[in-house]
Amino acid sequence: MDDDLANVAPGQSAGQPHESGETRPDGSDGSFRSGFIAVLGRPNVGKSTLVNRLVGQKVSIVSDHPQTTRRRISGVVNGPTFQVVLLDLPGFQRPFDTLTRRMQAAIDTALAEVDGALFVLSAAEPIGGGDRFIANALTASSLPSVVVLNKVDAVPARTLPDKLQRARELVGGQDVWPVSALRGEGLNELIVELAAALPPGPRYFPVGQTSDQPLHQLVAELIREKALQLTREEVPHAIAVEIESLEEIRQRSLVEIDAHIVVEHDSQKAILIGKNGAVVKAIGTAARREIEAILGVRVFLGLRVKVRRHWRRDEGYVERQL
Ligand code: GDP
Ligand code: MG
């Protein structure tokens, strides 16, 4: 996976500054363009996968569970004449508890704050109410938007023209870009489109910084991703991760992390621990490997599972999770 990330937007991912001698990707007069782009789409269409691909590094967690992305995550894409800051938002969904109400509120706020939107549709599923809801919200906002049809790798090529046509109809005849976030296809063209949609502006983040996410949060999110991936359907929404301590021991180039996976019920705790602790051990190992790869140092990860009943209904707790 990491290897083919290099194919994405050559010379445009963060950490590879190209200040001069390049053709202008936006075809503009050469003035620097920058801005914040909200990534919108119903759950599971591949928003987080797409953001990670465009950024060239993992900034947002990915899972088969709808609504894995709980916090707003920024990913930065740098180019010779532009900087695109992508905001990966939680999916649109009918509010059904405190957590999803918060998600909705986060989206509303975000739309008011951004310069443009990237609307992600999935070729793998028919257009539905969620997509129409977002299309309407976007029209109402009159934000500049770029629309993609993701997961084109997952459907027969002969069905694509029809799917693209339906997608275009959904967004009032606007262009729709076929992409595969998973395979990294169609993304260079997409970056150019996004850059062109931005207003003139400064470089908000230094080249090399791919996210505004603090280390604590990234580590918590990576653990949550592994927990979701390794427990499949049993505990989807009820997981939170708390970092108790995170300490860098420089002399030994080691990072020591103590973390808790918090669930709502004893039955969920039992699933997460698994037989003889096998599940929590597997979560810890997978998370540790990925944190080590990102930080480039050895990591000691102490992981425990705790129950906090109905944490999702506790406003204060949800606030901290967002
Ligand atoms: P989000 O909820 O919109 O953020 O979606 P995620 O990025 O978490 O992805 C949801 C699922 O779709 C994951 O299993 C991804 O691996 C998968 N996925 C994302 N993009 C693609 C794609 O281009 N093609 C295929 N086949 N699967 C994808
Ligand atoms: Mg996501």
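Here's a quick rundown of the structure. (Residues numbered from 1 in each chain as written. Chains lettered and ligands numbered in written order. Predicted model: local features only at pLDDT ≥ 70, side-chain atom pairs only at ≥ 80, totals over all residues. Heavy atoms only, no water.)

Considering the environment of A287
What counts is decided by this rule: Each helix is a run of DSSP H or I of at least 4 residues and each strand a run of E of at least 2, with the numbering of both proceeding from the N terminus. By the convention used here, residues are in contact when the closest approach between their heavy atoms is within 4.5 Å.
Here A287 is to be found in helix α9 (residues 278-295). In the structure, A287 is positioned twelve residues away from V299 in sequence and 9.8 Å away in space, judged by C-alpha atoms. Excluding anything up to four places from it in sequence, A287 contacts I223, K226 and L301.

Quick look at a negative patch on the surface
In plain terms, the rule: Excluding any residue in a salt bridge, patches collect residues exceeding 30% relative accessible area, merging like charges within 9 Å and nonpolar Val, Leu, Ile, Met, Phe, Trp and Tyr side chains within 5 Å. Here the open area of atoms and residues is found with the Shrake-Rupley method and a 1.4 Å probe, where only the protein chains shown may cover a residue. Salt bridge criterion: a side-chain nitrogen from Lys or Arg within 4 Å of a carboxyl oxygen from Asp or Glu. Counted as positive: Lys and Arg. Counted as negative: Asp and Glu. His and the chain ends are not counted at all. By convention, the charge on Lys lies at NZ, on Arg at CZ, on Asp at CG and on Glu at CD.
A surface patch of negative charge is lined by E244, E247, E256 and D258. Among the secondary structure elements, those contributing two or more residues to the negative patch are β7 (240-249) and β8 (254-263). With respect to the helices, strands and loops of the structure, E247 is situated in strand β7.

Section: the sheet that holds β8
So the rule is basically this: By this definition, two strands are paired if DSSP reports at least two bridges between them. Working convention: axes come from line fits to C-alpha atoms, limited for helices to the stretch in contact. Angles between N-to-C directions cover 0 to 180 degrees.
Taken together, three strands build an open sheet; the order of strands is β7-β8-β9 and the sheet is mixed. Both edges of this open sheet fall to β7 and β9 (298-307), since each of them pairs with a single strand only. Each strand axis lies, on average, 15 degrees off the axis of its neighbour in the sheet, ignoring direction. Here β7 runs beside β8; their pairing, made up of nine bridges, is antiparallel. Its bridge partner lying in β8, L246 is registered against I257. Taken strand by strand, helix α8 (residues 266-273) contacts β8 and β9, and its axis lies near 150 degrees from that of β9. Contacts from α9 reach β8 and β9 within the one sheet, and its direction differs from that of β9 by about 140 degrees.

Thoughts on the nonpolar core
Convention followed: In plain words, nonpolar cores are sets of buried Ala, Val, Leu, Ile, Met, Phe, Trp, Tyr and Cys residues tied together by side-chain atoms within 4.5 Å. Buried, partly exposed and exposed residues are distinguished by accessible area as a fraction of the type maximum, computed with a 1.4 Å probe on protein chains only: under 20%, between the cut-offs, and over 50%, respectively.
Counting residues in hydrophobic clusters, the biggest one holds 27 residues, and the most contacted among them are L40, F119, L121, L149 and V176. Secondary structure elements with two or more residues in this core: β1 (33-40), β3 (82-88), β4 (116-122), α4 (129-141), β5 (145-150) and α5 (160-170). By residue number, the principal contributor to this core is α5, which donates four residues. When neighbours within four sequence positions are excluded, V176 is seen to be in contact with V147, V148, L149, L164, A167, R168 and V171. Residues I223, I257, L272 and L301 belong to the second largest nonpolar core, which totals 24 residues.

Remarks on the pattern of salt bridges
Using the criterion set out here, one finds eight salt bridges in the structure. For D131, the salt bridge goes to R42, with nearest N and O atoms at 2.6 Å. Note that D131 is positioned in helix α4 and R42 in the loop between β1 and α2 (47-55), a separation of 89 residues in sequence. Each member of the pair, D131 together with R42, is buried.

Some details on the packing of α2 against helix α6 (residues 187-197)
Formally: Angle categories are assigned with fixed cut-offs, so that under 35 degrees is roughly parallel, over 145 is roughly antiparallel, 65 to 115 is roughly perpendicular, and the rest are oblique. Each residue gets one of three labels, nonpolar for Ala, Val, Leu, Ile, Met, Phe, Trp, Tyr, Cys and Pro, charged for Asp, Glu, Lys and Arg, and polar for the others, Gly among them.
Two numbers describe how α2 lies on α6: the axes approach to 11 Å, and their chain directions differ by 85 degrees. The angle between α2 and α6 places the two elements in the roughly perpendicular class. Between α2 and α6, the residues in contact are L50, R53 and L54 and L187, L190, I191 and L194, respectively. Along the lines of polarity and charge, the residues of the contact of α2 with α6 split into six nonpolar, no polar and one charged.

Thoughts on α5
Note the threshold: Taking the helix axis as origin, the arc is that swept by the directions to the C-beta atoms.
Of the positions making up α5, those classed as buried are L160, L164, A167 and L170. Viewed end-on, α5 has its buried residues packed into an arc of 115 degrees, placing them on one side of the element. The outward face of α5, more than 90 degrees from its buried face, is lined by the exposed residues P161 and E169. Contact partners of the buried residues in α5: β4, α4, β5 and β6 (176-178). The first or second residue beyond α5 is G172, which carries a positive phi of 65 degrees.

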